[in-house]
Amino acid sequence: MVPFMIVGRRYTFLLGVVACLCCPAASLRAQENITVGETPQQVNDRIRTLTMGSHGTTHDYVIGEGDLVEVSVFDVPELSKDLRVSETGTISIPLVPVRLRLAGLTETQAEQKIAEVLEANGLVSHAEVSVSVKEHRSQPITVVGAVQKPMVYQADHQATLLEVLAEAGGIANDAGDTVIVTRRKASSFTEIQNPAPVPATSAPGSGEPPPLDATPSAAPQTAPVQPEKSVSTFPSAEETNRANAAAPPADLSGNSPTPGTNATSITINLNDLLETGDTRNNIVLQSGDVVTVPHAGIVYVLGAVTRPGGFVVSNDRTQLTTLKVLSLAGGTTNIAKLNHAVIIRKDDNGKQSETEIDLKKVLNRESEDITMHASDILYIPDDKTKAVLLRAAEIGIAIGTAVAIFRVAYH
C-alpha cells in the first residue's frame, strides 16, 4: 500500500507541474496573442513565391546618369560605340560638335534623337540608329540590415519591396518584423518659362520712332511673373500609387522625416505583408531608396523542453519573459528540473554569466518572472543531467550547430 501511495503522490505532483506550466502558457498565448510563426527559411520561401513571375509594372526603361548605353549606327562603325551617360545626363558622339542629353529618354526616344542629330550635321543621310542600355546604374536601390546579401540593386524596371528583398536573398535569422524604406525627398527647382517677347524700345537720340503700342510712363513696366513650376527628380507619391495597381499607399502612420536630412521613412510591417498578402504594403520602390531590415535579438531555450530553439524578439512592444519563452517552446518535458534552470547572459562587455532560476517558484507565483534579453539562453536540465550549470561554451556549440530558429508572431 505504501509504494502505491508514493507512486500516486509522484503522479499527482507531475500532473500539478504540468498543469502549472500549461495553464500559464495557455493564458499567456490567449492574453498576449503570441504564437510561434514561420522559420526565416519559410518566410524567404514565401517571399520568393510572392515575387515569382512578377517584375513590377511593365514600362520602357528611362535612361539616367551613369548608365552605359550601346549606340549602333547601321553601316557606320565609326559612330557605333559604348558610351557612358555623364553626371549631367549627356553623351558625346564622335564628329558631333555638341553633347547630346539622353537622361530622361527611353531607348526609342534616344534612337530618334541621335538619328536626327546625325542627319542634321550631314554625317549620315538616312541614319538607322539602335540604342540599348548595357549597364543600369541610374536607379540604385540599397538593401541593408538583416538580409542574406546586403546589396545595391540596380533596377531596370519598377521594382517592388518584396522583389528587392528576394534579390537580397531574403531575410536573415535575426530579422525583425518591420522594414524601413528611407526615401529622399524629391528635390525641386524653378523651371524657367519662356518669357513673352518684350517690344524693343528705341534708344534716346537714335532717331527711330518709338513703337506704336509703347505707352509713356514714368515707371518701367514689369512683365507678369510666371508661376513657378516644381519639377520632381523622382516620381511623385501619386504616380507611385497609380503604378501600384491603383491601390492605396501603404500604411504610413509610422512615417516620419529623418531629423537633419532631406529624407522621409516608410515603416512597413513585414508579417502583415506576408501573412495577409495585402499588396498595398508591397510598395513600388524609387531610385535612391534605402531598404533597411532592422536586426532583432534571439532568445534561446534549450534542454528539457518540447520545442528547443531560438525565438526572434522581433517586436519591442512585448518583452519576452521566462514563462513566455517556455510557452513558445511548448512547455517542459516531464523529466525537467524546473528548480535548476539556468539563464546564460552576456553583459555589455561580452562577459558571460550563469544564473540559476527556480521555475517552480515562478510558476507558483512565489518568485518574480524574469525578462529575457536578446542573446539570452534559458537552459532547463533534466533528471539525467549530472551537472546543474553547464559551461556556456558547450551550449554555444549546440546553438551554432543544430538549433532551429522560430519567428514570434504578434496578433
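This section reports on the structure supplied with the text. For clarity, every value in this text was computed on a predicted model and none was experimentally measured.

**Here we look at helix H3 (residues 107–120)**
- Helix length check: H3 (14 residues) gives 20 Å between terminal C-alpha atoms against 20 Å at 1.5 Å per residue, within 8%.
- Tucked inside the fold, the buried residues of H3 contact strand E2 (68–73), strand E4 (90–91), strand E5 (100–101) and strand E6 (129–135).
- Downstream of H3 by a residue or two, Gly122 has a phi angle that is positive, lying close to 70°.

**Digging into the environment of Val312**
- For Val312, the location among the structural elements is in strand E14 (residues 309–313).
- Spatially, the C-alpha atoms of Val312 and Asp177 are 9.3 Å apart, while their sequence positions differ by 135 residues.
- In this structure, Val312 is in contact with Asn173, Asp174, Ala175, Ala296, Gly297, Ile298, Ile405, Phe406, Arg407 and Val408, ignoring residues within four places of it in sequence.

**Examining the packing of aromatic side chains**
- Inspection of the entire model under this criterion finds 1 aromatic pair.
- With a centroid separation of 5.6 Å and an interplanar angle of 25°, the aromatic rings of Phe311 and Phe406 are classed as stacked. In this pair, Phe311 sits in strand E14 while Phe406 sits in strand E18 (residues 405–410), placing the two residues 95 residues apart along the sequence. With respect to class, Phe311 is no different from Phe406; both count as buried.
- Over the face of the ring belonging to Phe406 we find Arg307, whose NZ or CZ atom lies 5.9 Å from the ring centre.

**Observations regarding the sheet that holds strand E3 (residues 81–84)**
- Across the sheet, 3 strands lie side by side as E3-E2-E6; this open sheet has antiparallel pairing. At either margin of the open sheet sits one strand with a lone partner, and together these are E3 and E6. Between one strand axis and the next, the sheet turns by 30° as a mean value, whatever way the strands run.
- Looking at chain direction, E2 and E3 are connected through 4 bridges and run antiparallel. Considered in E3, the bridge of Leu68 is made with Arg84.
- Against the sheet, H3 contacts E2 and E6, and its axis sits at roughly 130° relative to E6.

**Notes on the pattern of salt bridges**
- Summed over all chains, the structure comprises 7 salt bridges.
- Across the pair Glu38 and Arg46 runs a salt bridge, and its minimum N-O distance is 2.7 Å.
- With a relative accessible area of 25%, Glu38 lands in the partly exposed category.
- Between Arg183 and Asp289 there is a salt bridge whose closest N-O contact spans 2.7 Å. In this pair, Arg183 sits in strand E9 (residues 178–184) while Asp289 sits in the loop between helix H6 (270–276) and strand E12 (290–293), placing the two residues 106 residues apart along the sequence. Comparing Arg183 with Asp289, the two get one shared label, buried.
- Look at the salt bridges and you will find they share partners, linking Arg84, Glu135 and Arg137 into a network.

**Here's the deal with helix H2 (residues 40–51)**
- The first and last C-alpha atoms of H2 sit 17 Å apart over 12 residues, in line with the 16 Å expected at 1.5 Å per residue.
- Listed in full, the buried residues belonging to H2 are Pro40, Val43, Asn44, Ile47 and Thr51. Along H2, the residues classed as buried sweep out an arc of 100° about the axis, all on the same side.

**Things to note about unusual backbone geometry**
- Unlike most non-glycine residues, Asp75 shows phi in positive territory, near 70°.
- Within the secondary structure, Asp75 sits in the loop between E2 and E3.
- Despite not being glycine, Arg365 shows a phi value in the positive range, around 60°.
- Among the secondary structure elements, Arg365 is positioned in the loop between helix H8 (359–363) and strand E17 (377–380).

**Considerations on the nonpolar core**
- Ile141, Leu161, Leu165 and Val291 are the most contacted members of the largest nonpolar core, which totals 28 residues.
- Where this core is concerned, the elements lending two or more residues are H2, strand E7 (140–145), helix H4 (161–167), E9, strand E11 (263–269), H6 and E12.
- Non-local contacts of Val291, meaning those with residues more than four positions away in its chain, are made with Ile141, Thr142, Val143, Val144, Leu161, Leu165, Val179, Ile180, Val181 and Leu285.
- Residues Leu320, Leu323, Val325 and Met372 belong to the second largest nonpolar core, which totals 26 residues.

**Quick look at the pairing of E2**
- The sheet contact formed by E2 and E6 spans 6 bridges and is antiparallel. Bridge assignment links Glu70 to a residue of E6, and that residue is Ser132.

**Some thoughts on the side chain of Thr106**
- Structurally, Thr106 can be placed in the loop between E5 and H3.
- Residue classification places Thr106 among the buried residues on the basis of a relative accessible area of 13%.
- Not counting residues within four places of it along the chain, the set of residues in contact with Thr106 comprises Asp60, Tyr61 and Ile63.

Analysis parameters
- Residues numbered from 1 in each chain as written.
- Predicted model: local features only at pLDDT ≥ 70, side-chain atom pairs only at ≥ 80, totals over all residues.
- Heavy atoms only, no water.
- Helix = DSSP H or I, 4+ residues; strand = E, 2+ residues; numbered from the N terminus.
- Expected span 1.5 Å × (residues − 1).
- Contact = heavy atoms within 4.5 Å.
- Phe/Tyr/Trp six-rings, centres within 6.5 Å; stacked < 30°, edge-to-face > 60°.
- Buried < 20%, exposed > 50% of the residue type's maximum accessible area, 1.4 Å probe, protein only.
- Lys NZ or Arg CZ within 6 Å of the ring centre and 35° of its normal.
- Pairing = 2+ DSSP bridges.
- Axes fitted to C-alpha atoms, helices over the stretch in contact; angles between N-to-C directions.
- Salt bridge = Lys/Arg side-chain N within 4 Å of Asp/Glu carboxyl O.
- Arc of directions from axis to C-beta.
- Core = buried A, V, L, I, M, F, W, Y, C linked by side-chain atoms within 4.5 Å.

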